[in-house]
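Each chain, letter by letter, is given below.
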Amino acid sequence: MKTYVVGGAVRDELLGLPVKDHDHVVVGATPEQMVAQGFRAVGKDFPVFLHPATQEEYALARTERKTAPGYKGFVFHTAADVTLEQDLVRRDLTVNAIARAEDGTLTDPFDGQGDIARRVFRHVSDAFAEDPVRILRVARFAARYPEFTVAPETNALMRRMVDEGEVDALVPERVWQELSRGLMEQKPSRMLQVLRDCGALARIVPELDCLWGVPQPEKWHPEVDTGIHMEQVVDYAASQELELPVRFAALLHDLGKGVTPADKWPAHHGHEGLGVALVKEVCARLKVPTECRDLAVLTAREHGNVARALELRCRTVVKLFERADAFRKPARFLQLLQATECDARGRIGPSGSFADTPFPQRAHLEKALAAARAVNAGEIALGLAEQPQRIPDMVRNARVRAVQAALARGDEPDDDSVD
Ligand code: ATP
Ligand code: MG
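Numbers given for residues are sequential positions, taken from 1 along each chain in its written order. The naming scheme follows written order: chains are lettered A onward, ligands numbered 1 onward. Only residues with pLDDT of at least 70 are given local features in this predicted model, and only at 80 or more are side-chain atom pairs given and counted; all residues enter the totals for whole chains, interfaces and linings. Note that water and hydrogens are dropped before the side-chain values are worked out from all heavy atoms of the structure.

Below, the discussion takes up the overall build of the protein. Secondary structure counts use DSSP, requiring at least four H or I residues in a row for a helix and at least two E residues in a row for a strand, with both numbered from the N terminus. Counting secondary structure elements, the protein contains 19 helices and 13 strands. Projected onto its principal axes, the C-alpha coordinates of the protein cover approximately 85 × 50 × 40 Å. For the exposure calls, accessible area comes from a 1.4 Å probe over protein chains only, and a residue counts as buried if that area is under 20% of its type's maximum, exposed if over 50%, partly exposed in between. Within the span of the protein, comprising 419 residues, buried residues form 51% of the whole. In what follows, residue pairs with any heavy atoms lying within 4.5 Å of each other are defined as contacts. Considering only intrachain contacts with a sequence separation of at least 6, the fraction spanning at least 24 residues in the protein is 66%. To measure how exposed things are, a 1.4 Å probe is used in the Shrake-Rupley method; for residues, cover is taken only from the protein chains shown. A total of about 19,100 Å² of accessible surface is found on the protein, and carbon and sulfur atoms cover 53% of it.

Quick look at the structure:
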């Protein structure tokens, strides 16, 4: 029996990048022989074993055959006579289909090394078309290795897969898994571009795809195109190494601009409110985890108010905190500020750039929230035990006064009627 390192580890070594984990393929062995050597069997669908000492994954060389639509419709075949080349040909990309033997020799039947040198993602064979997850993987790899391009013939194949409806067979969990991983890479805009180039984004998140071609006012958005704005916003979030919920919220914050009637362009009045329902739809369809969904909904709804923070009266600020549940969830409010900062900075075009524009809204609202949170609501409630219906108003008034003091806005008219 012979073992080889395959896939990402070999690719990343050749790229001179750090290697996280090693995938191995074993040729010429039976499951019984693996177990006899102390490996532990873990594969559900096909034989995979964990090394007794390193716990790394060793898969028996296998072939696969498509038998039904969707990514589960595969029949696998493993046997001691399956060759290394047979195992490599079922892999997605040439750069992922290089094997390294224990003595260091490379087996590279599809010139993965050439594609690494050219910085190209190219499919290994037409069997690529049998698994739509591969489209998502190519898009995610593009976000991780932004200098790579997709080979024209691979893009054409992906486009054909999309046209034939393969992408519609993807289960939401798998779409979310790949999208969220791509968002966490260094250049998420590349994922969006690859998904758009083959038409997949229009099938997976049409609410997002339709933003390309929608104009915004050039004075505030030198990039003009709303889709380009989304690319810049997620790349800014990645450059700041922000967490997944913030990146996801930034990506979806302007969905409402996709439903503005064209005769109203480039204005988008009320897009915040319109975006909320669209964000909820996307999140329900992709089964997005609650934390990501809640921040995305909040950001779609409130990013305009956060951006206007310096002009808001203190009472309006306190109401914003209430709607955002900021007293109970201050960390999430900070994420809302971060996502809105991405929105403010991701505006770069021929006529100007907001990439380095200050974002004083953040410090302003953080200071206001700290002051409002210092108000002892419990004490106020105790003092009003006889008139409990007055408690919410009194708590709010105390918070407004605290914010006024903190922001030195003591002389501001405290009139609720104009909100
Ligand atoms: P990462 O650095 O993200 O782990 P990777 O290339 O190692 O990247 P894995 O998901 O660990 O990706 O898969 C290991 C290898 O298995 C890949 O390099 C590829 O050769 C093959 N592979 C994984 N998923 C697929 C797929 N859906 N279709 C074809 N080959 C696949
Ligand atoms: Mg891997």
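Attention now moves to the pairing of strand β1 (residues 2–6). Taken across its 5 residues, β1 has 4 buried, putting it largely inside the fold. By definition, two strands form a pair when at least two bridges between them are found by DSSP. Note that β1 and strand β2 (residues 23–27) share 5 bridges and pair antiparallel. Following the sheet pairing, Lys 2 is matched in β2 by Val 27. Pairing analysis gives 3 bridges linking β1 to strand β8 (residues 99–101), with the strands arranged antiparallel. What sits directly across from Tyr 4, in β8, is Ala 101.

To continue, consider the environment of Pro 261. Examined against the element boundaries, Pro 261 turns out to sit in the loop between α12 (244–252) and α13 (271–285). By relative accessible area, Pro 261 is classed as partly exposed at 43%. The spacing of Pro 261 and Arg 122 is 139 residues in sequence and 40 Å in space, taken between C-alpha atoms.

Paired through backbone hydrogen bonds, the strands of a sheet run either parallel or antiparallel to each other. Ordered in space as β3-β4-β5-β2-β1-β8-β9, the 7 strands form an open sheet in which the pairing is mixed. Across the chains shown, the open sheet's two edge strands, defined by having one partner strand only, are β3 (40–41) and β9 (106–107). The sheet contact formed by β2 and strand β5 (residues 57–60) spans 4 bridges and is parallel. Following the sheet pairing, His 24 is matched in β5 by Tyr 58.

A few words on the site of ligand 1. Around ligand 1 sit 16 residues, and of these Arg 11, Arg 91, Asn 96, Arg 134 and Arg 144 come closest. Contacts to ligand 1 include Asp 92, whose backbone N or O atom sits 3.2 Å from a nitrogen atom. Polar contacts, as used here, are pairs of N or O atoms within 3.5 Å; protein pairs need one atom able to donate a hydrogen and one able to accept it. Residues neighboring in sequence count only if both atoms are side-chain atoms. Measuring from an oxygen atom of ligand 1, one finds a side-chain N or O atom of Arg 144 at 2.6 Å. For ligand 1, whose accessible area on its own is 590 Å², the fraction buried by protein is 81%. Every element with two or more residues in the shell around ligand 1 is listed here: α1 (8–14) and α5 (133–144). Distances are taken per atom, and a residue is near a molecule or strand as soon as one of its heavy atoms is within 4 Å of it.

What follows deals with the nonpolar core. The term nonpolar core refers to a set of buried residues drawn from Ala, Val, Leu, Ile, Met, Phe, Trp, Tyr and Cys, joined through side-chain atoms within 4.5 Å. Counting 93 residues, the largest nonpolar core has Leu 208, Phe 321 and Phe 333 as its most contacted members. Sorting elements by how many residues they give to this core places α5 first, with 8 residues. Ignoring sequence-local partners within four residues, the contact set of Phe 333 consists of Leu 320, Phe 321, Ala 324, Ala 326, Leu 365 and Leu 369. Among the nonpolar cores identified, the runner-up in size contains 12 residues, and Tyr 4, Val 25, Val 27 and Leu 88 belong to it.

The next point concerns helix α15 (residues 314–323). Counting buried positions along α15 gives 7 out of 10 residues, so the element sits mostly inside the fold. Residue Asp 325 follows α15 closely and has a positive phi angle near 55°.

A pair of packed helices can be characterised by two numbers: the angle between their axes and the separation between those axes. Helix axes are fitted only over the stretch in contact, all axes being lines through C-alpha atoms; the angle between N-to-C directions runs from 0 to 180 degrees. Relative orientation of the contacting elements α12 and helix α14 (residues 290–307) amounts to 40°, with a least axis distance of 8 Å. Of the possible angle classes, the one that applies to α12 and α14 is oblique. Note that α12 runs across α14; the crossing there is right-handed. Here α12 contributes Leu 244, Pro 245, Val 246, Phe 248 and Ala 249 to the contact with α14, which in turn contributes Glu 291, Cys 292, Leu 295, Ala 296 and Thr 299. Amino acid classes used here: Ala, Val, Leu, Ile, Met, Phe, Trp, Tyr, Cys and Pro are nonpolar; Asp, Glu, Lys and Arg are charged; the rest, including Gly, are polar. Here the contact of α12 with α14 is built from residues that sort into 8 nonpolar, 1 polar and 1 charged. Note that the term roughly parallel is reserved for angles under 35 degrees, roughly antiparallel for angles over 145, roughly perpendicular for angles of 65 to 115, and oblique for everything else. Handedness of a helix crossing follows the sense of rotation of the near helix relative to the far helix, less than a right angle counterclockwise being left-handed and clockwise being right-handed.

In this section: the state of the cysteines. Cysteine sulfur atoms that pair up within 2.5 Å are treated as a disulfide. Summed over the entire model, instances satisfying the criterion amount to 0 disulfides. As a non-bridged cysteine, Cys 198 has Cys 210 as the owner of its nearest cysteine sulfur, 17 Å distant. For Cys 292, which is in no disulfide, the shortest distance to another cysteine sulfur is to Cys 283 and amounts to 8.1 Å. Relative accessible area serves as the criterion here: at 5%, Cys 292 is assigned to the buried category.

Let us now look at the pattern of salt bridges. By convention in these notes, a salt bridge is any Lys or Arg side-chain nitrogen within 4 Å of a carboxyl oxygen on Asp or Glu. Applying the stated rule across the entire model yields 30 salt bridges. With a closest N to O distance of 3.1 Å, Glu 64 and Arg 134 form a salt bridge. Linking Glu 64 in strand β6 (residues 62–66) with Arg 134 in helix α5, this pair joins segments that are 70 residues apart in sequence. A salt bridge links Arg 347 to Asp 343, with the shortest nitrogen-to-oxygen separation between them at 3.1 Å. On the basis of relative accessible area, Asp 343 is assigned to the buried category, the value being 4%. Each member of the salt-bridge network shares a partner with another, and the members are Asp 111, Asp 115, Arg 118, Arg 122 and Glu 153.

The subject of this paragraph is α14. Between its terminal C-alpha atoms α14 stretches 25 Å, which fits the 26 Å expected from 18 residues at 1.5 Å a residue. Note on bend: at a given residue it equals the angle between the axes fitted to the 7 residues ending there and to the 7 starting there. In α14, a bend of some 50° at Arg 301 exceeds every other bend along the element. Within α14, burial applies to Cys 292, Leu 295, Ala 296, Val 297, Leu 298, Thr 299, Ala 300, Glu 302, His 303, Gly 304, Asn 305 and Val 306. For α14, the secondary structure elements touched by its buried residues are α7 (172–183), α12, α13, α15, α16 (330–345) and α17 (360–373). Each residue after the first adds 1.5 Å to the expected span of a helix.

Take the packing of aromatic side chains next. Pairs were defined over the aromatic rings of Phe, Tyr and Trp, the Trp ring being its six-membered one, requiring ring centres within 6.5 Å. Orientation was assigned from the angle between planes: stacked under 30 degrees, edge-to-face over 60, tilted for the rest. Taken as a whole and assessed by the stated rule, the structure comprises 8 aromatic pairs. Here Phe 321 and Phe 327 contribute two aromatic rings whose centre-to-centre distance is 6.1 Å and whose plane-to-plane angle is 85°, an arrangement assigned as edge-to-face. Residue Phe 321 shares its accessibility class with Phe 327, and that shared class is buried. Taken together, the ring pairs in this structure connect Phe 121, Phe 141, Tyr 145 and Phe 148 into an aromatic cluster. Criterion for a charge above a ring: Lys NZ or Arg CZ within 6 Å of the ring centre, and within 35 degrees of the ring normal. Over the aromatic face of Phe 141 sits the side chain of Arg 140, whose NZ or CZ is 5.0 Å from the ring centroid. Above the ring of Phe 327, the side-chain terminus of Arg 399 is found at 3.5 Å from the ring centroid.

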